[in-house]
Amino acid sequence: LNIDSNVLAGPAATVAGDCRPGAQQIAIYIFPNFGGQCVIRNTGVYSTVASLGLPNDTISAVRVGRGAQVRVCEHELLAGTCTNLTESAADLNAHPIGDNQISSFQVDTATVALNNRYFLPVVGQTAAVSGLLPNGDFEAGNALWSLSSTNGRSLIVTQGALGLTGNTTHSGAWASWLGGVVSETASLAQTLPVPVDRPYLAYWQWVDSNEAGCYYDVVTLWVNDSVVDAYGLCAALETNTWTRRAVDLSAYAGQTVALRIQLVADTSADSSLFLDDVAFESGP
């Protein structure tokens, strides 16, 4: 019976956790040296304590699988002190995040370092690196978003409840629907950090409107108490499909901010703004 690793005043021995992450996966453990209770997580955002798979503030080690990297944070919604791990950490005490501090994390595909560089003609724009906001695809329903509607409307709805042609989302089974009635102010909001390497807030939208003038019904994007983007909704600007919109938030990179997307509709001729796949991205 090995109580103390058979060493005088040595560290208590722990049973090795039976978690072996595969490609683009990580495993988290409650004891150092990859011991004790553990779970495996795929790429994605785990922004709440409930999504971790282990109790809050109990994670002591992280094993990083091939082709994966993870950003671990001390508070929910990827807030507070965060540490980026590109390789396994047997004892988080050796990292800025510290032991038993993790309350959220995001698992991404690792960036591959290229030692040999080949310069080729550039054809078109390279795709931006995408990182959905917590529940940015709305697949968790109302979770993680602060929602407001003066008419008491449900702002995150299933594909079949969308009031647009074909009832189609941009992806998945859920999307957000702002507007759809007159005399409405509707908004969805989150407080979260703006990534330094992905400072553009991007989302997919579908505009549907019965307004003749493009200034009666207005969409605004707020950061804290400032409007950083605004545009009108009207029949002439209907998209008739999903289109991407991106806003540069480089001025707020590295800061935790209050984001709010808001639609204000006047007393006649309703407009609708459908939203899906809200993300921080590396470029416009």
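All values reported here derive from a predicted model rather than from experimental measurement.

(A) Structural detail: the sheet that holds strand β12 (residues 184-193). Ordered by their spatial adjacency, five strands build an open sheet running β9-β12-β17-β14-β15, and the pairing between neighbours is antiparallel. Here the strands that pair on one side only, and so sit at the sheet edges, are β9 (146-149) and β15 (226-233). Direction aside, the axes of adjacent strands within the sheet are offset by 15° on average. When strand β14 (residues 217-223) meets β15, the two strands line up antiparallel, connected through seven bridges. In the strand pairing of β15, V223 is matched with S226.

(B) Fine view of the sheet that holds strand β2 (residues 35-42). Read across the open sheet, the three strands follow the order β2-β1-β4; overall the sheet is antiparallel. Each edge of the open sheet is held by one strand with a lone partner, namely β2 and β4 (61-64). Averaged over all adjacent pairs, the angle separating strand axes in this sheet is 20°, with direction ignored. Sheet analysis places strand β1 (residues 25-31) next to β2, joined by six bridges and oriented antiparallel. Considered in β2, the bridge of I28 is made with V39.

(C) Structural view of the pairing of strand β11 (residues 174-179). Among the six residues that make up β11, five are buried, leaving the element largely enclosed by the rest of the structure. Sheet topology note: the strand β10 (residues 156-158)/β11 ladder contains three bridges and is antiparallel. The residue bridging V157 from the neighbouring strand is A175, located in β11. As judged from the four bridges shared by β11 and strand β18 (residues 271-281), these two strands associate in the antiparallel manner. The residue bridging S176 from the neighbouring strand is L275, located in β18.

(D) Examining unusual backbone geometry more closely. Non-glycine residue N100 carries a positive phi angle of around 55°. Within the fold, N100 resides in the loop between β6 (79-85) and β7 (104-109).

(E) Summary view of the pattern of salt bridges. According to the stated counting rule, one finds three salt bridges in the structure shown. Put simply, R245 and D229 hold a salt bridge, and the shortest N to O gap is 2.9 Å. Here R245, found in strand β16 (residues 243-248), pairs with D229, found in strand β15; they are 16 residues apart in sequence, far enough to count as distant. On the basis of relative accessibility, which here comes to 15%, the residue D229 falls in the buried class.

(F) Seen up close, the environment of A90. Among the structural elements, A90 can be located in the loop between β6 and β7. By relative accessible area, A90 is classed as partly exposed at 26%. A sequence separation of 27 residues divides A90 from R63, and the C-alpha atoms of the two residues are 7.3 Å apart.

(G) Spotlight on the pairing of β14. Among the seven residues that make up β14, five are buried, leaving the element largely enclosed by the rest of the structure. Once β14 ends, the chain turns through two residues before running back antiparallel as β15, passing N224 with a positive phi of about 55°.

Rules used throughout
- Starting from 1, residues in each chain are numbered consecutively following that chain's sequence as written.
- In keeping with the predicted nature of the model, local features appear solely for residues at pLDDT of at least 70, side-chain atom pairs appear and are counted solely at 80 or more, and the whole-chain, interface and lining totals rest on all residues.
- In computing side-chain properties, one takes all heavy atoms of the structure into account and sets aside hydrogens as well as water.
- Whether two strands pair depends on DSSP finding at least two bridges between them.
- Secondary structure elements are taken from DSSP: a helix is a run of H or I of four residues or more, a strand is a run of E of two residues or more, and numbering for both begins at the N terminus.
- The convention used is that axes are lines fitted to C-alpha atoms, helices contributing only their stretch in contact, and that angles between N-to-C directions extend from 0 to 180 degrees.
- Accessible area is worked out with a 1.4 Å probe on protein chains only. A residue is then buried under 20% of its type maximum, exposed over 50%, and partly exposed in between.
- A pair is scored as a salt bridge if a Lys or Arg side-chain nitrogen falls within 4 Å of a carboxyl oxygen belonging to Asp or Glu.

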